[in-house]
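# Inside the fold
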Amino acid sequence: MRTVDILLFVVFPYVSVALAVLVGLYRYFFDRFSFSSFSSQFLENRALFFGSAPWHYALLIILAAHIAGMFTGFWSRFIAPPSRLYPLEAFGAALGLSSVVTLGVLFVRRLLNPRIRKVTTLPDWLLVIVLMLQLAVGVYVALFYRWGSLWYMYTAVPWMISLAKFQPAIQYVTSLPWIIKLHYLGGFLLLAIFPFTRLVHVVVFPITYLWRPYQVVIWNIRRRFAPAR
Ligand code: HEM
């Protein structure tokens, strides 16, 4: 076993998870106000509309498929018929491509709009760039190393299970092509930088909005400043 493989596929994933949990919890309890996506909607809305919603929908479906693949019993039965596997692979690649384009829209919006540039921190830039690379590499893998939904179950899944059991078995991943390894490590890199950026909002998705009473907003300024009815 090469030292570099141990560093990349054993040490790095554990450090990423530890950072995500410890720094994430620290920030949640000691800097609660910052636990948000810091909406920039009031600074610019048009490009956000075309970028944000489609990007989130595409990514949620892609990540849901990544997670579903971990339930190998269910997943292998699900993708067994080619009538499901083929459309699924094509749909995944199309969603991946659309996620690259829509994140590109969001990136350019942040880059070109001086007001949004001002509210973007260095870690946020790093996050967007790593996300872009992760998506682009994912799409490359999906297009050029076909049937990833299948071999994922025999490479990534046993490797991650072995890490979770604290019995690392890196032989499942070390002999893969380097671009696939890059994508696997990219997932952990995102985990490592997540607690330092606005990505923390993914764990405080405002689910309580579904059942909390609606909010009544009453203008509390003099009548002549209030908006016309
Ligand atoms: C350790 C974590 C991860 C592993 C093991 C992994 C593995 C894979 C594999 C095997 C594929 C090829 C699927 C196929 O050919 O159908 C893929 C595709 C893809 N991945 Fe990941 N991935 C991980 C994390 C992520 C993350 C965090 C993102 C996004 C932020 C992401 C975005 C994508 C995209 C956009 C595609 C192409 C579309 C698709 O086929 O679903 N991946 N990933």
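Below or above, wherever it landed, is the structure these notes cover. (Residues numbered from 1 in each chain as written. Predicted model: local features only at pLDDT ≥ 70, side-chain atom pairs only at ≥ 80, totals over all residues. Heavy atoms only, no water.)

### With respect to the overall build of the chain
Secondary structure summary: the chain contains 9 helices and 0 strands in total. Tracing the chain from N to C terminus, the helices and strands come up as α-α-α-α-α-α-α-α-α. By the burial criterion, 37% of the 229 residues in the chain qualify as buried. Summarising the internal contacts of the chain: among those between residues at least 6 apart in sequence, 77% fall at separations of at least 24. Here the chain displays about 15,100 Å² of accessible surface, and carbon together with sulfur accounts for 72% of that area. (Helix = DSSP H or I, 4+ residues; strand = E, 2+ residues; numbered from the N terminus. Buried < 20%, exposed > 50% of the residue type's maximum accessible area, 1.4 Å probe, protein only. Contact = heavy atoms within 4.5 Å. Areas by Shrake-Rupley, 256 points an atom, 1.4 Å probe, with all protein chains shown as cover.)

### Re the coordination of the iron atom of the ligand
Taken together, the protein donors to the iron atom of the ligand comprise His-66 (NE2) and His-183 (NE2), at separations of 2.0 Å. On the accessibility criterion, His-66 (32% relative accessible area) is partly exposed. (Donors = N, O, S within 2.8 Å, 3.2 Å for Na, K, Ca; no water.)

### Overview of the pattern of salt bridges
Enumeration over the complete set of coordinates arrives at 3 salt bridges. Residues Arg-198 and Asp-124 are paired through a salt bridge, measuring 3.1 Å at the closest nitrogen-oxygen approach. One end of the pair, Arg-198, is in the segment after helix H9 (178-193); the other, Asp-124, is in helix H6 (residues 122-144), and 74 residues separate them in sequence. Per residue, the accessibility class of Arg-198 equals that of Asp-124, and both read buried. (Salt bridge = Lys/Arg side-chain N within 4 Å of Asp/Glu carboxyl O.)

### A short note on the site of the ligand
For the ligand, the set of nearby residues contains 23 residues, the closest of which are His-66, Glu-89, Gly-92, Gln-134 and His-183. Residue Gly-148 places a main-chain N or O atom 3.3 Å away from an oxygen atom belonging to the ligand. Residue His-183 places a side-chain N or O atom 2.8 Å away from a nitrogen atom belonging to the ligand. Contributions of two or more residues to the shell around the ligand are made by helix H2 (46-68), helix H4 (82-112), H6, helix H7 (148-151) and H9. For the shell around the ligand, a count of residues per class yields 14 nonpolar, 8 polar and 1 charged. (Near = heavy atom within 4 Å. Polar contact = N/O pair within 3.5 Å; in protein donor to acceptor, adjacent residues only side chain to side chain. Nonpolar A, V, L, I, M, F, W, Y, C, P; charged D, E, K, R; others polar.)

### Description of the side chain of Ser-16
Position of Ser-16 among the secondary structure elements: in helix H1 (residues 3-30). Overall, the relative accessible area of 1% leaves Ser-16 in the buried class. Side-chain polar atoms of Ser-16 contact the backbone oxygen of Phe-12, separated by 2.8 Å. Beyond its immediate chain neighbours, meaning those up to four positions away, Ser-16 contacts Phe-188, Leu-191 and Ala-192.

Purely geometric stuff here, so don't read any function into it on its own.
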